[in-house]
Structure formats: structure tokens, C-alpha cells
Amino acid sequence: MNISYNWLRAFVHLDQDPEALAETLTMLGLEVESVERVGAALDGVVVGHVLDVQQHPNANRLTLCQVDLGDGAPVQIACGAPNVARGQKVPVATVGTTLMLPSRKNPGELEPVTISKAKLRGEISEGMICAEDELGLSDDHGGIIVLDPDAEVGHSFQAYLEARGRQVVDHVLDIAITPNRPDAVSHLGVARDVAALTGRTLCREKVALPAAGGAAAEAVRVQIEAPEACPRYVAMLVRGVTVGPSPEWLQQRLVAVGLRPINNLVDITNYVMYECGQPLHAFDYDQLAGPAIVVRPAKAGEPFVTLDGKERTLPAGTLLICDAERPVAIAGVMGGENSEVSEATTNVLIESAYFDPSTVRQAAKALGLQTDASYRFERGVDTDGQVWAAARAAALMVKLGGGTLVPGHVDAHPHVLTPPTLTLRRSRIAQVLGVDVSAAEVEQYLGGLGFGLETDQGDVFTVTVPTYRPDIEREIDLVEEVARLYGYDHIPLPSHTPIPNRTPLEPASEALRRSTRDLLRGLGYREIYTNSMLAKEVSVRFNQPVLGGSGRDEDVVQTLKPISQEMGTLRPSLLPGLLEVMVHNQNHGQQALRFFEFGHVFLRSERPDTVVPGYAEHEALILGLSGPRTQMRWDGAPTLVDLFDLKGDVATLLDSLRVRRLRETPVHEPAAVAAYHVALTMGSARVGLLAEIPAALAESYGFRQPVYYAELNWSLLSERATDPGAVAYAPINRYPVVERDLAVVVAAAEPVGAMLATIRNAGGALLVDADVFDVYTGSGIPAGQKSVAFALRFGADRTLRDKEVDGRVRAIVKKVTDQHHATLRQ
């Protein structure tokens, strides 16, 4: 939000320079992000007196002027202006002054030029007598500026202009307005805060408010079909206006805040909006069909051409302003091309309304239209400021456009918004702030902000909230207003602070999450945070059975009132966010990609125990990796990661959680989000999967290396994790371990992991460890088969006998041969 320093001074006396004012506003809660000087650069430009003018001896178009600058002997200045004459008072850019002048290489652009003592066609010139365009005052280059005869020689030219009411230098304060301060989106609102803080008087333009009804009400009838969305609609009519350029003072103020002047009628509506915060719209009255204005919701798919010339398809419920036959504006957002003010306009209908913030916000987001008007309506304008704003604009149109105000006005007010009345206790202020704010100070601060106060002996106030402060709803809001005007920096630090006599305990779930984060960071992963809302087509794409989804397009979880189409659904998986982050880092030069994220996912569910019937959510953990396993080395090219790198990291994670009885099932059938995967289950519960993304998905994102990911149900894992305190330690066994090797021949497609699980189950209590040490295909092995060798280790708290071990080995061989169709390799 841009605020002009000069414009602000029209409302309240300022004795601070712009930088100091920026600090004051920031401490008031209106954070100033920058202060920028705008306007003409007139440093070094002074009033000169032309004493004599002679023809340049070597140039027909130049004259040599003797100019008194008020600091000694006159200087000679060469001048090419046709209107320069003896006795004139003129602005002179002295030697050393820098002006923005047309570039010789690019005449359409300006470049800084420093005035120096120079020879022009053999004659000395010490300065420059200036035209308006050379000083950045206008585009006029018809001749030099001739000043009033009483201009003081040698004095600042800028001071000369300001003494005559022409502000040529301004400072613009860029204020970050928080959503809870709709009153501060105008110069009047910011000035009100400054006046309340300094105790100065707030000066507001006096405007005659016409009575409701009259001839204006006969010329325009307003019908509101959606009173909740439009509680108030005010209209005034000005006839006989002449459209033309705005006066210089009005253009200067609009340019200072970043607006482009268009014509006097449109400029006035923008000026009043930036002045008081109430958006206005000017209709060409003669372009409206009939005397009726109808405020109604749009029908789904209804087309409308806005002021920018674009035809837009309106979603159902968008609030429209219509005449007797057709829509003429999108309420609170943008007007229509069919009723805009043009050079031929002579009669103007001024609209000043209050529109429901959520209705305007929803329409602006759905249409992708963010305008100055919607910015203000979305936050909530003054519910009682419509008549004043319309009257102010009408008065300016009469003054600057030569029009005539039609007596009276239309005020359709079907749904009155009443400001609340709150109770404020001084004891509560002291309790919250820790300081005793006197009753007089409370009255000064809140009264200065426009609050109505009644009190009984100054301890309890009955406060009437002004209509321009919809953010004030509770007593604590009033305490905050007192605090920011009293000054947060004036609240002393307490001499002592009570601390609890016990150390706060970290919740077990948070401790587990923290330790997991530390573990994954130690493994080289970086944590990411992605948006939980996705476009519908993205959610549909990742609503896959392998990720726990249903696979049906209609089952994605849609938001009720989406902010935009890109945020229309809640994510069914963390995978889309992970892939976006990984490809972003790849495209910015990163090779080794390792990321993880904790986050909630949302799915349709028929389970009866969910918080919201028909929907379920759980916390998930996703790991993703791609690229080289190690950094580049001098002794060899780095190898790329594969699924086993990911499997090892997940195994480390599960070991740290001490999760038991987890089953791994390889699945070779491809899916939309997995070329192949390993399904992780715990009994009948799905824990997650490890997978490589398929080539088609990788290509659509633009990956240049294979990408692997593991998505786990963290809610389930954290429930099943074993308490670290429950771990029991035992001394190293003093008895020897018996080692046996077992080699079997099985089908080449037989999963080795499943065989290993069978061996461990069949080994009983005596089998302390089992692992694979060789897989072989080739000579001596039939085609389509493979040899797998296992290392078995047996042990107990006594010395084992051979027949005990042999019995276990025979049991293992039988189970493997029966369940996996294996044969013992000889």
C-alpha cells in the first residue's frame, strides 16, 4: 500500500521527516517496508535574474545571457529558448546539478546529465536555464519557465514552487497492511493513527451530504436481490460533466501512489478511494438500460466482458451489478466495458457500496482478478462511509468537470450492520501490558482513533467501535489498540519472571519425530515443507491404490471454497510435493538429491471411527533420493543410487523405531506412480512402500536420473514404535556359535527376501542369524533358475550338539523346499 507523505500532510500536521514517520508507523503496527523519493529532482536549481541577452556570435539559434544567481558576479549561460528575454526571473540549473535529460542514443529514454562549465561554439556557458520538461515538471518544451517578478534571486526553485502550492517532490511510504487493518488502506486511515498518537487534530475535507431520495432517487432505482452479499448500495447522479485531463495537483497525487491518470472522472474515483478507502465506480449513465440497478448473483457460466476487454465466464454466486437488461459490473472487482466512462460521457452515475468481504474474495480468486477495489472490499470497508465517499466524488466532478449534482441520492440499505459495543477494564489493560495506563491516556488513544467512550470513574469504559474498524470484536482487541499507541518500546521489561519448578516434558510423539529428523539428516537427507493443497488433476493423478488411494477420480478430497484452481483439493500423498522439490533442485544444478517430509495426507474413507465421516487423514513420512551415490572423485566416476540405497535407509529408520514384524512384499507389476515397488505391511495394516517412479512420470516432470521414494504411514509407525526404555541388554554369549551354509536352487524369479523370512521362522530359537552371501546363475545351474546360498548361525546359552543343529537345518530345508519349490544344491 503506497502512502504519499505530502498527501498525508493534508490530513494531519507532521513535524517528522519521512524516514522518522516511517519508524513511527512501524511501531504503530503499520510496517513501512520502504521510503522512496519521487518527483522532480530540483537540488541545485535556483532562481536567476536575466540581466542581458545577446546573440551568440557563432550560432544563430543560441543567445548568451548574463544571469545573476544572487551569489556574486553574474555568470554567462548559453540558451536556445526562443522566449528568453532581459529582466526575466528564471530557474537555473547551476554547475554541478544533475538533471534527467533525453538520451542522445535513445531519445525516448532519460539519462542523468551533470551540468558543467563548458564551451558552446567557442563561448563559455556556466549553467542551464530550464524548461518544464528538463526539470521533470511536465512534457512542455515550448520554452523556458518564466517566474513571477517577485521571485527572490538565488533562492531555491523548489521552495519557490512550494510557496505557491505546487508540490514537486514527494516521498512514498510502502506500508505492509495486515489483513486485520482494513481502515489503514487509505491516507485518512493512516493519518488517523498518527493523529491519535500525537494528539493532533485530524483534518477531513468537509463535504455537503445530500439527503436521501429526491430527484436522484427518481432517476435511479436500486434493487438488491442478495442483501447478505450487498448490505448497502448508494448511488448519486452528476449531469453535464465534461471529460478531460485532471488538474496537475490531482495527477501528482495519483502518480505518487503508483496510479496512471486517465481522465478527470476516473481519476476522481481513484483519488477518493485512496483518500478514504471506499472504492467507487463511475458508470456512463446514458449507457445504462433503463433507470434500474439490480444487484444479483451470477448464474453458472454467465459471460461478461470486463473493462480490460476480456470476456470472462463467471462462476455461480459471483455478485453482479446489472441495469434493467444486462450485467454492467462485477461487484467489488471490476466494471464492464459496456458502461465505462469515455470522452463522450456527460452524465455519470456514482456507485458507492458495501460488499461482503468473503463474496468479493471468492469472486476475485475464481476469476484471477486482483484490483485496488477488491483489495479493499476483501478486507472490509467502512459500513457507514458510502454516502460521504459518493458525495466527495460528486463534489469533485462538479468542480473539475463542470457538472451539476442531481439533488438527493439513492441509499438502498436492506441489511443494517451495527458496530459492537464492548467493555474495557483498566485492570485488564494493566494485567496484559504490565503497566498502569491512566484513564486520560486511554481516552486520548481510543478517542483519537474514533472510538466512542463512556466511563464510570475511569476504571471501566463502555466503548462503541467505529464502523471502519470491523477487526475490533473483543476486549483484548481494545487492549492491543491501547498498547500500540502507548508504545511497545515504552512497556518496561519485568524485573523478574517466574519459571516453573520442573522441566517441561516433551511429548513422546514429538520426541520420536525429532529423533527421526536427526537420523535422516545424519543420513544426508534435507527436510522440506510442501503445500497440502493441490490442483484437482494432480490429486487425481496421485490418488493411486499403491499409495493408499482408491484410484477413482471422484474420490479426491476437494476443498469447499478453494482459494484458486491450483489449491482445489487436499493431497492424497506427499509424492507430488516431493517430486516438485526434487526437479526444482535438479534444474538449479543440484545432483545428489535426498529429501524427506512429514505431512498429513487426506483420503476418502468408509471407516466409522474417522473424525469427519467419509474422510480420513493420517501423518505420512516420505523419503526421496536420486542422483550419484557419492560426490565426484578423482579415482572413478560416481555411481548412481538405486532402490537398495533407499531400502537401507528405511531399514535404518525402522531399526531406530524398533518396529517389529514388518513384512516386505516385492511387487513387479508396474503402476502409474511405481515402475515396481516393495509393499510394507504389518499384519493386515498397510505401512507404505518403496518404489522407483516409472519412466513416463519421470519424463513428465523432466527428471534426468532415476528417482526412488518411500512413503510410510507415520501415524501407524509411531504407534507401533517400541519405547527405547523397554530395550533389554544381555551379556555376550560365552558359548560357541555353530555356523552352517545352505545352498538351494530355485526359480530365477523367486524372491530371496521371502525365502530368508521362511528360514528365520523355521530356524526356531536356536537360529540367531541368517543372511544371504551368494546368488549365482550360469554353468551348472539350469536355465531359468538360480543358486542362492545362505549363512546360518546357531547358538544358545549352552554348548549345542550336532544333532540339534542338524535337526534345525533339516527343518529349514523342508520348509524352503515345500514353500519355495527349492532343491538342495549338491
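The structure presented is a predicted model; accordingly, all values stated were derived computationally and were not measured.

A.B. asks: Help me understand the overall build of the protein chain, please; the structure alone is not making it clear to me.
C.D. replies: Assigned secondary structure in the protein chain consists of 21 helices and 41 strands. The C-alpha extent of the protein chain, read off along each of the three principal axes, is 130 × 75 × 65 Å. Relative to its 826 residues, the protein chain shows a buried fraction of 46%. Counting contacts in the protein chain only where the partners sit at least 6 residues apart, residues at least 24 apart contribute 68% of the total. Carbon and sulfur atoms form 51% of the exposed surface of the protein chain, whose accessible area is close to 41600 Å². Between the mean site of the 76 positive side-chain charges and the mean site of the 103 negative ones, the protein chain shows a separation of 9 Å.

A.B. asks: What am I meant to see in the state of the cysteines here?
C.D. replies: Think of a disulfide as a covalent bridge from one cysteine sulfur atom to another cysteine sulfur atom. Tallying each qualifying case throughout the model produces zero disulfides. Of all cysteine sulfurs in the structure, the one in cysteine 79 sits closest to cysteine 130, which takes part in no disulfide; the separation is 9.2 Å. Among the residues examined, cysteine 130 registers a relative accessible area of 0% and is labelled buried.

A.B. asks: What is the right way to look at the sheet that holds strand 11 (residues 128–129) in this model?
C.D. replies: Strand pairs in the sheet, formed through backbone hydrogen bonds, run parallel or antiparallel to each other. The strand order across the open sheet formed by five strands is 5-4-3-6-11, and the pairing between neighbours is antiparallel. Only two strands of the sheet have a single neighbouring strand rather than two, namely strand 5 (75–79) and strand 11. As paired strands, strand 6 (residues 89–93) and strand 11 are joined by two bridges and run antiparallel to one another. Its bridge partner being in strand 11, alanine 93 is matched across the sheet by methionine 128.

A.B. asks: What's the story with the environment of glycine 277 in this structure? I'm lost.
C.D. replies: Counting through the fold element by element, glycine 277 comes out in the loop between helix 7 (264–276) and strand 15 (281–284). Given the relative accessible area of 9%, glycine 277 is considered buried. In this structure, the C-alpha to C-alpha distance between glycine 277 and aspartate 382, residues 105 residues apart in sequence, is 8.0 Å. In this structure, glycine 277 is in contact with Val185, Ser186, Val272, Arg376 and Val381, ignoring residues within four places of it in sequence.

A.B. asks: Is there a simple way to think about the sheet that holds strand 26 (residues 452–456) in this case?
C.D. replies: Strand order in the open sheet formed by three strands is 25-27-26, and the pairing between neighbours is antiparallel. A single partner strand is all that each edge strand has here, and the edge strands are strand 25 (421–425) and strand 26. Direction aside, the axes of adjacent strands within the sheet are offset by 25 degrees on average. Bridging between strand 26 and strand 27 (residues 460–464) involves five bridges; their strand directions are antiparallel. From the neighbouring strand, threonine 455 faces strand 27, where its bridge partner is phenylalanine 461. Where helix 12 (residues 439–448) meets the sheet, its contacts fall on strand 25, strand 26 and strand 27, and the angle it forms with strand 26 comes to roughly 160 degrees.

A.B. asks: I'm lost on the nonpolar core in this one. Help?
C.D. replies: As a rule of thumb, nonpolar side chains are buried together in soluble globular proteins. Membership of the largest hydrophobic core comes to 78 residues, with the highest contact counts inside it found for Leu25, Ile175, Val272 and Leu424. Setting aside residues up to four positions removed in sequence, leucine 424 forms contacts with Ile429, Val442, Leu446, Asp459, Val460, Phe461, Val463, Glu475, Leu478 and Val479. Membership of the second largest hydrophobic core comes to 44 residues, among which are Leu288, Val328, Ile330 and Ala373.

A.B. asks: Could you clarify how one ought to interpret the packing of aromatic side chains in this entry?
C.D. replies: Aromatic ring pairs are described here by two measures, namely the spacing of the ring centres and the angle between the planes. Here the structure, examined in full by the defined rule, presents seven aromatic pairs. An angle of 15 degrees between the planes, with centres 6.0 Å apart, marks the rings of phenylalanine 157 and tyrosine 160 as stacked. With phenylalanine 157 and tyrosine 160 both in helix 3 (residues 157–163) and three residues apart, the pair spans about one turn of that helix. Here phenylalanine 157 matches tyrosine 160 in class, with each residue buried. For the ring pair phenylalanine 598 and tryptophan 714, a centre distance of 5.0 Å and an interplane angle of 80 degrees mean the geometry is edge-to-face. Here phenylalanine 598, found in strand 32 (residues 593–604), pairs with tryptophan 714, found in helix 19 (residues 714–720); they are 116 residues apart in sequence, far enough to count as distant. We classify phenylalanine 598 as buried; its relative accessible area is 7%. For tryptophan 714, a relative accessible area of 1% puts it in the buried group. Linked through ring pairs, Trp7, Trp249 and Tyr271 together constitute an aromatic cluster.

A.B. asks: Would you mind going over helix 7 with me for this structure?
C.D. replies: Since there are 3.6 residues in each turn of an α-helix, residues three or four apart along the chain are aligned in direction. Taking 1.5 Å as the rise per residue, helix 7 with 13 residues should run 18 Å; its terminal C-alpha atoms sit 18 Å apart, in good agreement. Burial of helix 7 is extensive: 12 of the 13 residues sit out of reach of the surface. The complete set of buried residues in helix 7 reads Asn264, Leu265, Asp267, Ile268, Thr269, Asn270, Tyr271, Val272, Met273, Tyr274, Glu275 and Cys276. The residue sitting at the N-terminus of helix 7 and contributing the capping side-chain oxygen is asparagine 263; that oxygen lies 3.1 Å from the backbone nitrogen of leucine 265. Positive backbone phi, at 95 degrees, marks glycine 277, one or two positions downstream of helix 7.

A.B. asks: Teacher, can you tell me more about the pattern of salt bridges here?
C.D. replies: Within the structure shown, the criterion is met by 42 salt bridges. Across the salt bridge formed by arginine 514 and glutamate 506, the nearest N and O atoms sit 2.8 Å from each other. By relative accessible area, which is 39% here, arginine 514 ends up partly exposed. Note that arginine 521 and glutamate 527 form a salt bridge whose closest N and O atoms lie 3.3 Å from each other. When its relative accessible area of 43% is taken as the criterion, arginine 521 is described as partly exposed. Ionic contacts of the salt-bridge type, sharing partners, join the residues Arg181, Asp183, Asp193, Arg469, Asp471, Glu481 and Arg484 into one network.

A.B. asks: What am I meant to see in helix 9 (residues 372–379) here?
C.D. replies: For helix 9, the set of buried residues is Ala373, Ser374, Arg376, Phe377 and Glu378. At its buried positions, helix 9 is contacted by helix 7, strand 22 (348–354) and helix 8 (357–367). A positive backbone phi angle near 110 degrees is found at glycine 380, which sits one or two residues after helix 9.

A.B. asks: I keep staring at the pairing of strand 15 and nothing clicks. Help me out?
C.D. replies: A regular strand carries its side chains on alternate faces of the sheet. Side chains His281 and Phe283 project from strand 15 onto one buried face, and the interleaved Ala282 and Asp284 project onto a second face that is buried too. Pairing analysis gives four bridges linking strand 15 to strand 22, with the strands arranged antiparallel. Across the sheet, alanine 282 pairs through a bridge with isoleucine 350, a residue of strand 22.

A.B. asks: Got a minute to help me understand a nonpolar patch on the surface in this structure?
C.D. replies: There is a patch of nonpolar side chains on the surface, built from Val611, Val612 and Tyr615 and spanning about 310 Å² of accessible area. Mapping valine 611 onto the fold places it in the loop between strand 32 and strand 33 (615–626). Judged by its relative accessible area of 82%, valine 611 is exposed.

Conventions and cut-offs
Residues numbered from 1 in each chain as written. Predicted model: local features only at pLDDT ≥ 70, side-chain atom pairs only at ≥ 80, totals over all residues. Heavy atoms only, no water. Helix = DSSP H or I, 4+ residues; strand = E, 2+ residues; numbered from the N terminus. Buried < 20%, exposed > 50% of the residue type's maximum accessible area, 1.4 Å probe, protein only. Contact = heavy atoms within 4.5 Å. Areas by Shrake-Rupley, 256 points an atom, 1.4 Å probe, with all protein chains shown as cover. Lys, Arg positive; Asp, Glu negative; His and termini not counted. Charge placed at Lys NZ, Arg CZ, Asp CG, Glu CD. Disulfide = S-S within 2.5 Å. Pairing = 2+ DSSP bridges. Axes fitted to C-alpha atoms, helices over the stretch in contact; angles between N-to-C directions. Core = buried A, V, L, I, M, F, W, Y, C linked by side-chain atoms within 4.5 Å. Phe/Tyr/Trp six-rings, centres within 6.5 Å; stacked < 30°, edge-to-face > 60°. Expected span 1.5 Å × (residues − 1). Polar contact = N/O pair within 3.5 Å; in protein donor to acceptor, adjacent residues only side chain to side chain. Salt bridge = Lys/Arg side-chain N within 4 Å of Asp/Glu carboxyl O. Patch = residues over 30% accessible without salt bridge, like charges linked within 9 Å, V, L, I, M, F, W, Y side chains within 5 Å.

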